[in-house]
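# Remarks on the overall topology
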Amino acid sequence: MDSFSLQKEIADELKNALTIGDKQTAIAITQHAIDQGARPLALVQEVIVPTLTEVGKRFEDLEIFLPELMAAGEAGNACTALLEQAILKSGSQIQNEGTVVIGTARGDIHDIGKNIVTSLLKAHGYKVIDLGKDVPSARFIDEAEANHADVIATSALMSITRAGCREVADMLRDRMMRDRYLFIVGGGSITQEYADEIGADGFSETGSGAVELVKSLLQNKRGA
Amino acid sequence: MFYNDRLLEIFQRSRNGQFMKEVDYDLRLAKRTQELVKEYNIIFDPLNVCPSDDAMADRVFQAGLQLFVDVGAYHLDTQRVIKFSREEILDALRQAPDTLYLGEGRDMVIARHHSIEDPNPPLNLTGPAGQPCSEDHYLELMISYAQEPYVHAVESGATLTYNGADIMAGTLMEVKAVQRDAATAREAIRRVGKPGMHIGDAATGMTAIGKMAASEPTRLLRPCDGRLVAQMCELKTNDDQLIRVPHLLNYGSHIINLMTPLTGGIGGGPAGVAVVSVAETLLGVVCYFATYHYLSITHIKWTNNSDPWGMYVLAMAGQAMARNSHIVWTDDPFCVNGAGTIENLYEVAGHAIIGSVCGYQQHGVGSTGGNVVDHHTGLEAGWQGEVGIAATKSGITREKANQIALELLLLYKDTFNNPKLGKPFHELYDMKTITPSQEWQDCYRRAKETLTRLGLTFSYGPYD
C-alpha cells in the first residue's frame, strides 16, 4: 500500500467517523494515522475542518439535528487535541486562525446558539475560549487578556440580558482597550441596529455567519 | 416516594446526584430519546401533523416518562443529575391540580384539564408573552390585549428599558422594571374594567429576585396571578429557578412551568421532541409544583412552531398528557410573521385549532419569532381565543384539524425563510382609542373568511 492510498483510506475513515459523531473510532483512526506517519496538520486541514464544515452546513440546512452536530464537534475536538499533542511533540508550531473568547452575556443562561458558534469556529481552526453562560462582563476582558485573544464574542437570547453586551463594549472603551480586540455580538435578542448602537464590530444571525464574520474581520484587521 | 418535604429532597439530590458534564448530559439525553422513539414506534408524518392515534399518544407519554426516569433533570449550577423514580413521578402527577381558579372576583376564570376534542371551549391566557417591548406605549399595548373579548388573562411582555436606560438582569434596574411592568399590567386590566383578571407573569424579570419582586398584592401581582418558572433546553434547571418555587408556594401564587423544547435541537426531530416535551412537563410537575404548564415549542432555526415539526409536537405531546394525566396545559403559537400581516393570523389559527383539540388551554401569541420589538398586538391574541372557541363549537376533530392546519400552512410556509415582519403596535393601533387600524382589521376579516371556508363556524367577533 503506497502512502497516498493509506492517506486516502485514513481520511475516508476519519471523515466517516466524524460525520456520524463516533468519537472513540475517530480517536482511534487519528492515533493510527499519527503512528503511520501521517502529517497532523494535513489531517486537521484536509479532513477535520472540511468534514465539520460540511456537518455544520447540513445542520443549518435542517438535514441533521443538533445532537449530530454536537457529536461531530465533540469527536472533532478530541481528534484535534490529539493532533495538537503530536504537532507539539514534533517541535512544530500549532497554527490557529485566531483566538476567540466567547460566552453568553451576564444573566443569560441560554447557550445553545453560542455552543453552535463555538463548534463551528473550532471546526474552522480557531482557538475558542468558551466561558459558558451568564458570564460577568469583566471576565470577557480578563480572559481575552490572559489568552491573547483576537475576538470577544457575546451572545444574548433574552432581550433583558442583551444589556450585558453593551456593558462589555462600555468596559472595553472605559479601559482603553477597545482597539485591542474585535468585539462581536449575536443571539436572538440582538439586531444589527443594536450592534451598531453599542459600537460592536459585527453581528451575525447564524452560526455560519458568525464564522464568516470573524474571518473577514480578522482579515481586515491583519491586512490593515 | 417522597416521604417528607419534596423540595428539600430535590435540593439534596441536586447536591448529591451523579456529577456529569453538561455536554455529556446533552448527548446522553439525545441518544436515549432516539432509542425511545424507536422502541415506542413514534412516527412523524409531515402530512399528518395532528394524528388521531390514541395508542401512539399513550406511547409518547410512556416514552417521555421513561426518558425522565432514565436521564433525570440536569442542575446547571452543580452539574449534577437529579433523578426520580417512576413511582415518585407518578405520585407527584397524581397530586397535581386539575382545576385552577385564575384571577379574582367576577373576572376569575376556571381552568380545567382539557381532554382530546374536549367539548368545552379553551380559555385564552395571553399577552405579549415575554416578547420584547418598548416602554413607549407599554400601557396601551397591555390594554390592547386585556380589552379583547376572547382574552381571559394577560401576561406581561419583556420591556427593554427603564426611563430610557437598558434593563440589566440581576441589578436593581431589573427589580424596578418588573415592579413597573406588574403595576402597568394591573393598571391595564383596571382600565378595561376587568380588575380581577389573572396576570400570568412579569416577564421582564429574568432572575429569581426579579420575579419575586413582583409579589405585592395591592399594586403588583396577587396570589391569584402567576409567575413562570423555566426550564433550560432540555430538562435543565438551576438554583435561580428552584428558588422561586418555595417563594411562590408560600405566597399562594400560581406556578407556571415554562418549557421551550427545540425542534431540531437536542431532542432531535419532532418525534423525539414530543417525547422530551412530556418529560419536561413531568419535571415541572415534580420539581416546580406547577399549577399549570406552558409549552412553547421553538424551531431551532426560525424560532417558530407553526411549521409541521412544531404542529406535530404540539399535537402529540398534548394528546399524550391529555390522555395520561389530569393537569392543566397551555401552548403558545410562535409565528415567523409579525402583527399586521394575514400570514401571522394564519399561523396563529393553525396552532389554535390543533391546540384546542389536543388538550390545551390557549396561551400566546409570539410574533416575529419573538424577535422584533413591539411587532405584536392584542388583535392576534384575541384572534387565537376566537379560533379556539370556534374550533370547539364547530366540533373539529383531530383529523379535520390536521386538514385545516395543512391548508393554512400552504398560505404561509414560503415566509419561513423570509418572514413578513408587519408593523409595530403604535402603527397598527390608534394610540388614543386603542383601536386596530382599518388595515389590521381587514386582515382579521379576511382571515376569518378563509377559516370559515375551511369549516369553522364563528360567532360574532370584535372586528366583524
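What counts as what
- Residues numbered from 1 in each chain as written.
- Chains lettered and ligands numbered in written order.
- Predicted model: local features only at pLDDT ≥ 70, side-chain atom pairs only at ≥ 80, totals over all residues.
- Helix = DSSP H or I, 4+ residues; strand = E, 2+ residues; numbered from the N terminus.
- Rg over C-alpha atoms; globule rule 2.2 N^0.38 Å.
- Buried ≥ 20, exposed ≤ 12 C-beta atoms within 10 Å, placed from the backbone.
- Contact = placed C-beta atoms within 7 Å.
- Axes fitted to C-alpha atoms, helices over the stretch in contact; angles between N-to-C directions.
- Parallel < 35°, antiparallel > 145°, perpendicular 65-115°, else oblique.
- Left-handed = near helix turned anticlockwise from the far one by under 90°.
- Nonpolar A, V, L, I, M, F, W, Y, C, P; charged D, E, K, R; others polar.
- Domains from an automatic or database assignment.
- Pairing = 2+ DSSP bridges.
- Expected span 1.5 Å × (residues − 1).
- Right-handed = clockwise from strand over helix to strand, strands pointing away.
- Core = buried A, V, L, I, M, F, W, Y, C linked by C-beta atoms within 7 Å.

With that out of the way, let us pick up the overall build of chain A. Scanning chain A from N- to C-terminus turns up nine helices and five strands. Listed N to C, the secondary structure of chain A is α-α-α-α-β-α-β-α-β-α-β-α-β-α in terms of helices and strands. Over its C-alpha trace chain A gives a radius of gyration of 18 Å, about what one expects of a compact globule, namely 17 Å for 224 residues. The proportion of buried residues among the 224 residues of chain A is 51%. Contacts in chain A between residues far apart in sequence, at least 24 positions, make up 73% of those at least 6 positions apart.

Broken down by element type, chain B carries 15 helices and 22 strands. Its C-alpha atoms give chain B a radius of gyration of 20 Å, near enough to 23 Å, the size a compact globule of 464 residues would have. Projected onto its principal axes, the C-alpha coordinates of chain B cover approximately 60 × 50 × 40 Å. For chain B, with 464 residues in total, the buried portion stands at 62%. Relative to all contacts within chain B whose residues are 6 or more apart in sequence, the contacts with residues 24 or more apart total 81%.

Let us look at the packing of helix α11 (residues 342–357) of chain B against helix α15 (residues 438–453) of chain B. Each pair of packed helices can be described by the angle between their axes along with the distance between the axes. Residues and elements named next belong to chain B. Interhelical geometry of α11 versus α15 gives an angle of 45° and a closest axis separation of 9 Å. It follows from the interaxial angle that α11 and α15 lie oblique. For α11 against α15, the interelement crossing comes out right-handed. Contacts between α11 and α15 pair Ile342, Leu345, Tyr346 and Ala349 from the former with Cys443, Tyr444, Arg446, Ala447 and Leu451 from the latter. Among the residues forming the contact of α11 with α15, the class breakdown is eight nonpolar, no polar and one charged.

We now examine the domain arrangement of chain A. For interface size, the figure often reported is the accessible area lost on association. Residue and element names in this part refer to chain A. Along its sequence, chain A is carved into domain 1 (3–89) and domain 2 (99–223). Distance between the C-alpha centres of domain 1 and domain 2: 27 Å. The partner domain 2 presents 10 residues to the nine residues of domain 1 that form the contact. At the level of elements, α3 (40–60) and α4 (66–89) are the ones that each hand at least two residues to the side of domain 1 that touches domain 2.

A few words on the interface of chain B and chain A. Residue-level contacts link 30 residues of chain B with 22 residues of chain A. Broken down by element, the residue count for the side of chain B that touches chain A peaks at four residues, all from helix α2 (residues 22–39) of chain B. Tallied by class, the residues present in the side of chain B that touches chain A amount to 16 nonpolar, 10 polar and four charged.

Residues and elements named next belong to chain B. Spatial strand order, β1-β3-β2-β14: four strands in an open sheet with mixed pairing. Whereas interior strands pair on both sides, the edge strands pair on one side only; in this sheet they are β1 (18–19) and β14 (236–237). Here β1 runs beside strand β3 (residues 80–82); their pairing, made up of two bridges, is antiparallel. Of the residues in β3, the one forming a bridge with Phe19 is Arg80.

All names here are of chain B. The strand order across the open sheet built from eight strands is β12-β8-β6-β20-β19-β17-β15-β13, with neighbouring strands paired in parallel fashion. In the strand order of this sheet, the two ends are held by β12 (198–199) and β13 (226–230), each with one partner. One ladder, built from four bridges, connects strand β15 (residues 254–259) with strand β17 (residues 292–295); its direction is parallel. When the sheet's bridge partners are listed, Asn257 is paired in β17 with His293.

Moving on, we get to α4(A). All names here are of chain A. Compared with the 34 Å implied by 1.5 Å per residue over 24 residues, the 35 Å span of α4 between its first and last C-alpha is a close match. For α4, the complete set of buried residues consists of Leu66, Pro67, Leu69, Met70, Ala71, Ala72, Gly73, Ala75, Gly76, Cys79, Thr80 and Leu83. Phi turns positive one or two residues past the end of α4, at Gly91, with a value near 85°.

With that settled, consider the pairing of strand β2 (residues 127–130) of chain A. Burial along β2(A) is one-sided: A:Val128 and A:Asp130 are buried, while A:Lys127 and A:Ile129, pointing the other way, are not. In the classification by handedness, the crossover that spans strand β1 (residues 99–104) of chain A, the intervening helix α5 (residues 112–123) of chain A and the parallel β2(A) is right-handed.

The subject of this paragraph is the nonpolar core. With 222 residues, the main nonpolar core has B:Val60, B:Val154, B:Ala274, B:Val275, B:Val278 and B:Ile353 as its most contacted residues. The greatest single-element share of this core, amounting to 13 residues, is contributed by helix α9 (residues 270–288) of chain B. Here this core gathers at least three residues from each of two domains, domain 1 (3–89) and domain 2 (99–223) of chain A. Here B:Val154 is in contact with B:Thr126, B:Gly127, B:Met142, B:Tyr145, B:Ala146, B:Ala185, B:Ala188, B:Ile189, B:Met197, B:Ile199 and B:Gly200, once residues within four sequence places are set aside.

What follows deals with unusual backbone geometry. A negative phi angle is the norm for most residues apart from glycine, just as the trans form is the norm for most peptide bonds. Residue and element names in this part refer to chain B. Each neighbour pair has its own omega, and for Cys233 with Glu234 the value is -20°, a cis peptide bond. Structurally, Glu234 is set in the loop between β13 and β14. Residues Gly364 and Val365 are joined by a peptide bond in cis, for which omega reads -10°. For Val365, the location among the structural elements is in the loop between β20 (361–364) and α12 (378–393). Of note, the phi angle at Leu235 is positive, near 60°, even though the residue is not glycine.

Quick look at the environment of B:Gly72 now. Looking at the secondary structure, you find B:Gly72 in the loop between α3 (54–71) and β2 (73–75). Not counting residues within four places of it along the chain, the set of residues in contact with B:Gly72 comprises B:Val81, B:Ile82, B:Lys83 and B:Phe84.

All names here are of chain A. Here Gly113 lies in helix α5. C-alpha of Gly113 to C-alpha of Asp12: the two residues are 101 residues apart in sequence and 30 Å apart in space. Residues contacting Gly113, with those up to four places away along its chain left out, are Ser155, Leu157, Gly186 and Gly187.

Before going further, it helps to examine the pairing of strand β4 (residues 182–186) of chain A. Residues and elements named next belong to chain A. Counting buried residues in β4 gives five out of five residues, a clear majority hidden from the surface. Here β4 shows two buried faces, one formed by Leu182, Ile184 and Gly186 and the other by Phe183 and Val185. In terms of strand pairing, strand β3 (residues 151–155) meets β4 through five bridges, oriented parallel. In the sheet register, Ile152 faces β4, and the bridge partner there is Phe183. The β-α-β motif built from β3, the intervening helix α7 (residues 163–174) and the parallel element β4 has right-handed crossover chirality. As paired strands, β4 and strand β5 (residues 202–204) are joined by three bridges and run parallel to one another. Of the residues in β5, the one forming a bridge with Ile184 is Gly202. Crossover β4 to β5 through helix α8 (residues 192–198) is right-handed.

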